[in-house]
Amino acid sequence: SYQIEIYAAPESSVIKSIRGESNTKSLLCTVTTAGLMDQVSGDPLVTWTPSETFPPTSQDFVVELTFNDLMQKYQLVDSSTGQSGTVSLTLVDEDGNLEIPVPGVWTVELDQNLLQTRMDFVADNGYPGVINTNRHLELTLAPQISDLAGNTLANSGQHIIPLPET
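The present account deals with the structure reproduced in this document. Residue positions are counted from 1 within each chain, in the order its sequence is given. Whole-chain, interface and lining totals are the exception, using all residues; otherwise, since this is a predicted model, local features are given only for residues with pLDDT of at least 70 and side-chain atom pairs are given and counted only at 80 or more. Computation of side-chain values covers all heavy atoms of the structure but excludes hydrogens and water.

When you go through the chain residue by residue, the secondary structure sums to 1 helix and 10 strands. A globule of 166 residues ought to have a C-alpha radius of gyration of about 15 Å, yet the chain, at 25 Å, is considerably larger. Reported as C-alpha extents along the three principal axes, the dimensions of the chain are approximately 85 × 30 × 25 Å. Contacts are assigned to residue pairs that have any heavy atoms within 4.5 Å of one another. Residue pairs in contact within the chain that sit at least 24 positions apart in sequence constitute 61% of those at least 6 positions apart. By element, 51% of the accessible surface of the chain is carried by carbon and sulfur atoms, the whole surface being about 10,500 Å². Charged side chains in the chain number 6 positive and 21 negative. The centres of these two groups are separated by 23 Å. Think of it this way: any DSSP run of H or I at least four residues long counts as a helix, any run of E at least two long counts as a strand, and we number them from the N terminus. Put simply, the radius of gyration uses C-alpha atoms, and a globule should come to 2.2 Å times the residue count raised to 0.38. Residue exposure ignores everything except the shown protein chains as possible cover, and the areas themselves are Shrake-Rupley values with a 1.4 Å probe. Two residue types count as positive, namely Lys and Arg, and two as negative, namely Asp and Glu; His and chain ends fall outside the count. Where a charge lies is defined by one atom per residue type, namely NZ (Lys), CZ (Arg), CG (Asp) and CD (Glu).

Now the structure itself:
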């Protein structure tokens, strides 16, 4: 709860009636909030590019995630390090049974006008291509990722991002 006190004249002559007369009695108002209103109802979803539908065309690309809600920014990225404890990218080579975490930096930005959150990953180096191998990136989204109202991500889990043909 918040209290707002509006002083009367002569202490204050800022508040005036629509006729221009100064307020003659002090007012004390209490405002009580009802909690956070969920601007986008339901569990949030995330989409990403590149994807299996829109694969990368070069070995140097940014992985862009777009959440359809305002997300808990500090849950996604530690702004001082650019690292994420809830989202990761791993290079997977099924032929060689290899799984290598991809080093890089995450950034996150809330768009309050569109009610969306954008998260970008820039790898430290270019990605390998696919030459007669079964390689891809694995995007892992932790189940605890949630929007500002506490609704958890509807499509958490592991997802495949293809690598470019070289």
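Time to look at unusual backbone geometry. Omega for the bond connecting Thr-49 with Pro-50 falls within 30 degrees of zero, at -5 degrees, which places this linkage in the cis form. Despite not being glycine, Leu-115 has its phi angle at roughly 55 degrees, a positive value. Note on exposure labels: buried denotes an accessible area under 20% of the residue type's maximum, exposed denotes more than 50%, and partly exposed covers the range between, all computed with a 1.4 Å probe on protein chains only. With a relative accessible area of 22%, Leu-115 lands in the partly exposed category.

A word on the sheet that holds strand β6 (residues 98-101). Strands are treated as partners if at least two bridges between them are detected by DSSP. Taken together, the 4 strands give an open sheet; going across it, the order is β6-β5-β9-β10, and neighbouring strands pair in antiparallel fashion. For this open sheet the edge positions go to β6 and β10 (157-162), each flanked by a neighbour on one side alone. Geometrically, the sheet is characterised by an average inter-axis angle of 30 degrees between neighbouring strands, direction not taken into account. Relative to β10, strand β9 (residues 135-141) is paired through 6 bridges, and the arrangement is antiparallel. Across the sheet, residue Leu-137 finds its bridge partner in β10, namely Ile-161. Axes here refer to lines fitted to C-alpha atoms; in helices the fit is confined to the stretch in contact. Angles between the N-to-C directions go from 0 to 180 degrees.

Between the rings of Phe, Tyr and Trp (Trp by its six-membered ring), a pair exists once the centres lie within 6.5 Å; its type follows the angle of the planes, with under 30 degrees stacked, over 60 edge-to-face, and the other angles tilted. Using the criterion set out here, one finds 2 aromatic pairs in the structure. Plain terms: the ring middles of Phe-61 and Tyr-127 are 4.2 Å apart, the flat faces sit at 20 degrees to each other, and that makes the pair stacked. Of this pair, Phe-61 sits in the loop between β3 (46-49) and β4 (63-67) while Tyr-127 sits in the loop between β8 (116-123) and β9, and the two are 66 residues apart along the sequence. We note that Phe-61, like Tyr-127, is buried.

Take the buried Ala, Val, Leu, Ile, Met, Phe, Trp, Tyr and Cys residues and link them wherever side-chain atoms come within 4.5 Å; each set so joined is a nonpolar core. Judged by nonpolar contacts, the single largest core of 28 residues is most densely connected at Leu-65, Leu-89 and Tyr-127. When contributions to this core are tallied by element, the ones reaching two or more residues are β3, β4, β5 (87-93), β7 (104-111), β8 and β9. Contacts of Leu-89, omitting those with residues within four sequence positions, involve Val-63, Pro-101, Val-102, Trp-106, Phe-121, Tyr-127, Leu-137, Glu-138, Leu-139 and Ile-161.

As a further point, take the pattern of salt bridges. Within this document, salt bridges are pairs made up of a side-chain nitrogen of Lys or Arg and a carboxyl oxygen of Asp or Glu, the two lying within 4 Å of each other. Within this structure, the stated rule accounts for 4 salt bridges. Between Asp-93 and Arg-135 there is a salt bridge whose closest N-O contact spans 3.5 Å. With Asp-93 in strand β5 and Arg-135 in strand β9, this residue pair connects regions lying 42 residues apart in the sequence. Taken together, the shared-partner salt bridges connect Glu-64, Arg-118 and Asp-120 into one network.

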